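Listed below are the residues making up each chain.
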Amino acid sequence: MLILEEPYVSPLLVEWAAEARHPVLGNAFARALVAEGARLDLVGDDEAAARIDAGERVYSNSENALDWVLEHAHNESLARAIAFSKDKSEMRDALAPLAPGLFYRSCSRAELAGIDPAELPLPVVLKPAVGFCSMGVYTIASPDDWEAALADIDREEQVWAQRYPGSVVDTGRFVVEGYIAGQEYAIDMYYDAQGRAHCLNVMRHDFASADDTSDRLYNTSHEIVAEMAPRFERWLDEVNDVLGARDFPAHVEVRVDDAGAIVPVEFNPLRFAGLGGTDLAYWAWGLRTYEAFLEDAEVDVAALSAPYAGKVYTMSLLNPHPSADLSRPFLHDAFAARFSNVLDFHRFDANAVGSYGFLFLQTDEETAGELDFLLRSDLLEFQG
């Protein structure tokens, strides 16, 4: 069962759904796709809910679908896994034994102003208890950083609320947690009918600096998945001893500290990398991750990626600089020309999505410098 929702669906997903004749919830977004020529097999609310209640696997491109699932379906296991994934405070409570000693605190939006940052074990990370991408995420290393973060929340929270429903981004509650040193990774994975974890892709999330919280650079390669997927599957199996999820897809972000311990950052339910980002596995080695999940295909990602050893595949969410004028057009073609091997480029309306687009590219030893440019550019030179 597929639920397609705003703000963006990848053409690859729409094409596959049409070719596979996979049932798609006939909501307003899907009906608009059909009106534009997509040949989707739409089903009504009652049939879609009955399929989910009967245990049929469900996948969505967008967390905007969560409200519909929670309101219409009566699958208790699914609802519990969604609630666990979206509430970072609940997740921290449940997984505390897997991250011993990590400081965290949950508070309401109103309580933020009363917190004395000098009493926090700095550095810390401040973020909405219910969030998406890097909206409302701040690294706090000093009291000044804390005040700047609160000021930014004051400016931006109405914009976030206009773009996404409360089930996706909700600034009513926040989490303050200890800064986790180490390498960050993003995992497109699912739990099967027995609750066993399957990693469909592992992406190394690189940052320009310690206070960078952007989604600018995610890299995957044969070397990354061969080394990390088995480790993450074992850890995710431990997580599921607590969660108890079955037939459940998620985009999971973790950090691996210097001692090799895996610490959870967040779980994102019913989807893989958002805004079409999971297409990276397709452009890298031809894997449609949603197809593997929905059709319960056994995938050995290390073996599948082996012929592509030595190559790096990147997805990049192009967040505007805070000073960018979003009324001016972004020069997508000029930006893409900066790279030697662009695989695909999803172009967004920055006012609606909050980003200029999603870039997919391939690099190797000779072109690795392109990734440093991509990571560090403020993109202002590409404003029209």
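Everything numeric in this text was worked out from a predicted model, so none of it was measured. (Residues numbered from 1 in each chain as written. Predicted model: local features only at pLDDT ≥ 70, side-chain atom pairs only at ≥ 80, totals over all residues. Heavy atoms only, no water.)

Okay, the side chain of Glu 177 next. By the element assignment, Glu 177 lies in strand S8 (residues 170–178). Engagement of the side chain of Glu 177 in a polar contact is seen with the side chain of Lys 127, the distance being 2.8 Å. Not counting chain neighbours up to four residues away, the residues in contact with Glu 177 comprise Arg 92, Phe 103, Tyr 104, Val 124, Val 125 and Lys 127. (Helix = DSSP H or I, 4+ residues; strand = E, 2+ residues; numbered from the N terminus. Polar contact = N/O pair within 3.5 Å; in protein donor to acceptor, adjacent residues only side chain to side chain. Contact = heavy atoms within 4.5 Å.)

The subject of this paragraph is empty space enclosed by the protein. Taken as a whole and judged by the stated rule, the model has six cavities of 30 Å³ or more. In this structure, the largest cavity occupies an estimated 280 Å³ of space. If you go around the largest cavity, you meet 23 residues; those closest to its centre are Val 125, Val 137, Glu 184, Arg 255 and Val 265. Secondary structure elements with two or more residues in the lining of the largest cavity: strand S6 (124–130), S8, strand S12 (248–256) and strand S13 (262–269). Of the residues contributing to the lining of the largest cavity, the split by class is nine nonpolar, six polar and eight charged. (1 Å grid on protein atoms, 1.4 Å probe; cavity = no way out; pocket = protein on both sides within 12 Å on 5 of 7 lines; lining within 4 Å. Points joined across faces, edges and corners; volume = space filled by probe spheres on them. Nonpolar A, V, L, I, M, F, W, Y, C, P; charged D, E, K, R; others polar.)

Let's shift gears to helix H3 (residues 45–53). For H3, every residue scored as buried is listed here: Ala 48, Ala 49 and Ile 52. One side of H3 holds all its buried residues, which, seen down the axis, span an arc of 95°. Phi turns positive, to about 100°, at Gly 55, one or two residues after H3. (Buried < 20%, exposed > 50% of the residue type's maximum accessible area, 1.4 Å probe, protein only. Arc of directions from axis to C-beta.)

This brings us to the packing of aromatic side chains. As enumerated under the stated definition, the model contains 21 aromatic pairs in all. In this structure an aromatic cluster arises from ring pairing among Phe 330, Phe 335, Phe 339, Phe 345, Tyr 356, Phe 373 and Phe 382. (Phe/Tyr/Trp six-rings, centres within 6.5 Å; stacked < 30°, edge-to-face > 60°.)

Here we come to the sheet that holds strand S9 (residues 183–191). Reading across from one edge, S13-S12-S9-S10-S11-S14-S16-S15 is the order of the eight strands in this open sheet, with antiparallel pairing throughout. Two strands lie at the open edges of the sheet, namely S13 and strand S15 (342–347), each paired on one side alone. Across the sheet, the mean angle separating the axes of adjacent strands is 25° when strand polarity is ignored. Pairing geometry for strand S10 (residues 197–206) and strand S11 (residues 217–220), over three bridges, is antiparallel. Bridge pairing in S11 places Asp 206 opposite Leu 217. (Pairing = 2+ DSSP bridges. Axes fitted to C-alpha atoms, helices over the stretch in contact; angles between N-to-C directions.)

Let's shift gears to helix H2 (residues 28–35). For H2, the complete set of buried residues consists of Phe 29, Ala 30 and Leu 33. For H2, the angular spread of the buried residues around the axis is 100°, confining them to a single face. Projecting away from the buried face of H2 at angles above 90 degrees are the exposed residues Ala 28 and Ala 35. Looking at the buried positions of H2, the neighbouring elements they touch are helix H1 (11–20), strand S2 (23–25) and strand S3 (41–43).

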